[in-house]
Amino acid sequence: MFELVFLGTSASAPSVQRGLSAAMVLHREYRFLIDCGEGTQRQILRSGLGFKRLERILLTHGHLDHILGLGGLASTFGRWEAIEEMAIWGGAGALGRVRELMRVVFGAGEANIRIAYRTVTPGVLQDDELFRLRAFPVEHRRTEAFGYSFEEKPRRPFLPERAEALGVPAGPIRRELVNGRAVTLADGRSIRPDEVLGEETRGLRLVFIGDAGRVDNLVAEAAGADLLAIEATYTEEERDVAAAFGHLTASQAAWLAREAGVGHLVLHHISRRYNSKQILDEAAAVFPGTSVARDFDLFRLVKGKPLERVDVRERAEGDAVTR
Ligand SMILES: [Zn+2]
Ligand SMILES: [Zn+2]
């Protein structure tokens with residue numbers, strides 16, 4: 001399962017309804033903050049998600065509307081929160097800008113929190129038995145911009161009735177088989193994983209893209225994603241403005257979703273000049289499975305279920321999201 005929470009969905013400057021770019025991806029024990037526009041720490045508090053385990057921050061690129069909140073967030077973490085290290089992942093240019101920002105915020109002295117700067121290059125950033133995080137390049141003005149692909153690995157389900165029939169006892173020995181390793185039972189028989197595992201099923205995939213100047217080069221990365229989130233700053237009425245500033249129109253974003261055959265499209269980074277309906281109408285004409293994100297929207301992606309959309313502020317404490 002993946003949960004994607006939008007904390008800020010406005011482009012360039014905030015509006016009454018929309019804060020500056022920030023989103024959070026939750027998966028098992030992981031939490032990733034993606035971008036951190038000005039005002040993000042208050043949005044995190046209002047969302048009820050809190051700062052716990054928010055050690056990983058991924059930057060799509062280094063423009064100010066995506067990074068200015070990092071100074072305040074680092075200051076709060078250093079002063080009040082029991083977070084010792086904050087890892088900021090981004091392209092070399094974006095990280096350079098964040099370092100400058102931190103220097104201004106904290107002066108010559110160090111921040112009260114260790115900040116680990118991790119330079120992103122295309123490829124795998126994090127990998128465990130069940131999950132993989134990958135970065136891929138995105139074209140956006142002169143920045144070195146990245147999109148992120150959150151992937152559950154394909155799995156073969158464990159078939160307890162088969163294990164039972166073969167006399168494989170419950171406990172760690174079953175875990176070995178699930179992890180693809182053959183085992184030897186107490187009576188000397190050897191059991192192969194194949195004997196207790198079903199057909200491989202593919203995992204869910206969530207692709208998050210921030211600002212982008214073109215989409216034709218993103219089809220392969222978005223292909224088959226269960227959920228694609230991408231900017232839609234303008235509508236076709238201002239296609240030339242979009243092109244001049246390295247941004248997309250709603251219909252370009254929807255074109256990508258259709259070409260890539262994604263399950264659902266969620267648009268964010270909306271210019272204050274437009275309301276959600278204008279963006280949605282244009283995109284849905286090209287790709288019907290489209291939503292326009294609002295601040296505090298939580299999209300929940302669960303295998304075999306339709307995408308769910310709820311207001312993150314209405315979630316009860318102790319719910320999956322606050323784990
Ligand atoms: Zn932006
Ligand atoms: Zn930008």
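A brief report on the enclosed structure follows. (Residues numbered from 1 in each chain as written. Chains lettered and ligands numbered in written order. Predicted model: local features only at pLDDT ≥ 70, side-chain atom pairs only at ≥ 80, totals over all residues. Heavy atoms only, no water.)

### Side note on the overall build of the protein chain
The following threshold applies: Per the convention used, a helix needs a DSSP run of H or I reaching at least four residues, while a strand needs a run of E reaching at least two, with both numbered from the N terminus. Each radius of gyration is computed over the set of C-alpha atoms, and the globule rule expresses the reference value as 2.2 Å times the number of residues to the power 0.38. For each residue, the accessible area found with a 1.4 Å probe, counting protein chains only, is set against the maximum for its type, and the residue is called buried under 20%, exposed over 50%, and partly exposed in between.
Looking only at helices and strands, the protein chain has 10 helices and 17 strands in total. Over its C-alpha atoms the protein chain spans a radius of gyration of 22 Å, differing by no more than 12% from the 20 Å that the globule rule assigns to 323 residues. Over its C-alpha atoms, taken along the principal directions, the protein chain stretches across nearly 70 × 55 × 35 Å. Each of the 323 residues in the protein chain was classed as buried or not, and the buried ones make up 52%.

### Remarks on helix H9 (residues 250-260)
In terms of burial, H9 is largely enclosed, as eight of its 11 residues are buried. Every buried residue of H9 is listed here: Ala250, Ser251, Gln252, Ala253, Ala254, Leu256, Ala257 and Ala260. Phi for Gly261, located one or two positions after H9, is positive at around 60°.

### Quick look at the pattern of salt bridges
A side chain of one charge can pair with a side chain of the opposite charge when the charged atoms of the two come close. Applied cut-off: Salt bridges are identified by distance alone: a Lys or Arg side-chain nitrogen within 4 Å of an Asp or Glu carboxyl oxygen.
Counted according to the given criterion, the structure contains 27 salt bridges. Between Arg300 and Glu3 there is a salt bridge; the shortest N-O distance is 2.8 Å. You can see Arg300 sitting in strand E16 (residues 297-301) and its partner Glu3 sitting in strand E1 (residues 2-8), a full 297 residues away along the chain. Of the two residues, Arg300 and Glu3, neither departs from the other in class, the shared state being buried.

### What to know about the coordination of the zinc ion (ligand 2)
Stated formally: In this description, a donor is an N, O or S atom within 2.8 Å of the metal centre, a cutoff extended to 3.2 Å for sodium, potassium and calcium. Water is not part of the atom list, which can make sites seem incomplete. By the criteria applied here, four donors are tetrahedral when all angles lie between 85 and 135 degrees, four are square planar and six octahedral when opposite donors are over 155 degrees apart and every other angle lies between 65 and 115, and any other arrangement is irregular.
The zinc ion (ligand 2) binds to the protein through His61 (NE2), His63 (ND1), His140 (NE2) and Asp211 (OD); the donor distances cover 2.2 to 2.3 Å. Bound by four donor atoms, the zinc ion (ligand 2) shows angles of 88 to 173° at the metal and therefore irregular coordination geometry. Read in sequence order, the donor residues coordinating the zinc ion (ligand 2) give the pattern H-x1-H-x76-H-x70-D. A distance of 3.5 Å spans the gap from the zinc ion (ligand 2) to the zinc ion (ligand 1), which Asp211 bridges by coordinating each metal.

### Let's talk about the nonpolar core
What counts here: As used in this record, nonpolar core signifies buried Ala, Val, Leu, Ile, Met, Phe, Trp, Tyr and Cys residues forming a set joined through side-chain atoms within 4.5 Å. We call two residues contacting when some pair of their heavy atoms lies within 4.5 Å.
Core analysis: the largest hydrophobic core is formed by 32 residues, its most contacted members being Leu59, Leu70, Leu73, Met86 and Ile88. Of all the elements in the fold, those that place two or more residues in this core are E1, strand E2 (22-27), helix H3 (69-79), strand E5 (85-90) and helix H4 (92-106). Looking at this core, the element that brings in the most residues is H4, giving five residues. Contacts of Ile88, omitting those with residues within four sequence positions, involve Ile57, Leu59, Leu70, Leu95, Val98, Met102, Ile115, Ala116, Tyr117 and Arg118. Counting 31 residues, the second largest nonpolar core, distinct from the first, contains Leu228, Ile270, Tyr274 and Phe287.

### Some thoughts on the packing of H9 against helix H10 (residues 276-286)
For clarity, the cut-off: Orientation is described by lines fitted to C-alpha atoms, with helices fitted over the stretch in contact, and by angles between N-to-C directions that extend from 0 to 180 degrees. In a left-handed crossing the near helix is turned counterclockwise from the far helix by less than a right angle, and in a right-handed crossing that turn is clockwise.
Two numbers describe how H9 lies on H10: the axes approach to 8 Å, and their chain directions differ by 30°. When the axes of H9 and H10 are compared, the crossing they make is right-handed. The residues of H10 that touch H9, namely those facing Ala250, Ser251, Ala254, Trp255 and Arg258, are Ile279, Glu282, Ala283 and Val286.

### Some details on the sheet that holds strand E4 (residues 56-58)
Applied cut-off: By definition, two strands form a pair when at least two bridges between them are found by DSSP.
Overall, mixed pairing links the eight strands, which are arranged E6-E5-E4-E3-E2-E1-E16-E17 in an open sheet. The open sheet has two edge strands with one neighbour each: strand E6 (114-119) and strand E17 (308-311). Strand-to-strand twist in this sheet, taken as the mean axis angle between neighbours without regard to direction, amounts to 20°. Where E5 meets E6, six bridges bridge the pair, whose relative direction is parallel. Residue pairing for E6: Trp89 is matched across the bridge by Arg118. Where helix H1 (residues 40-47) meets the sheet, its contacts fall on E1, E2 and strand E3 (30-34), and the angle it forms with E1 comes to roughly 130°.

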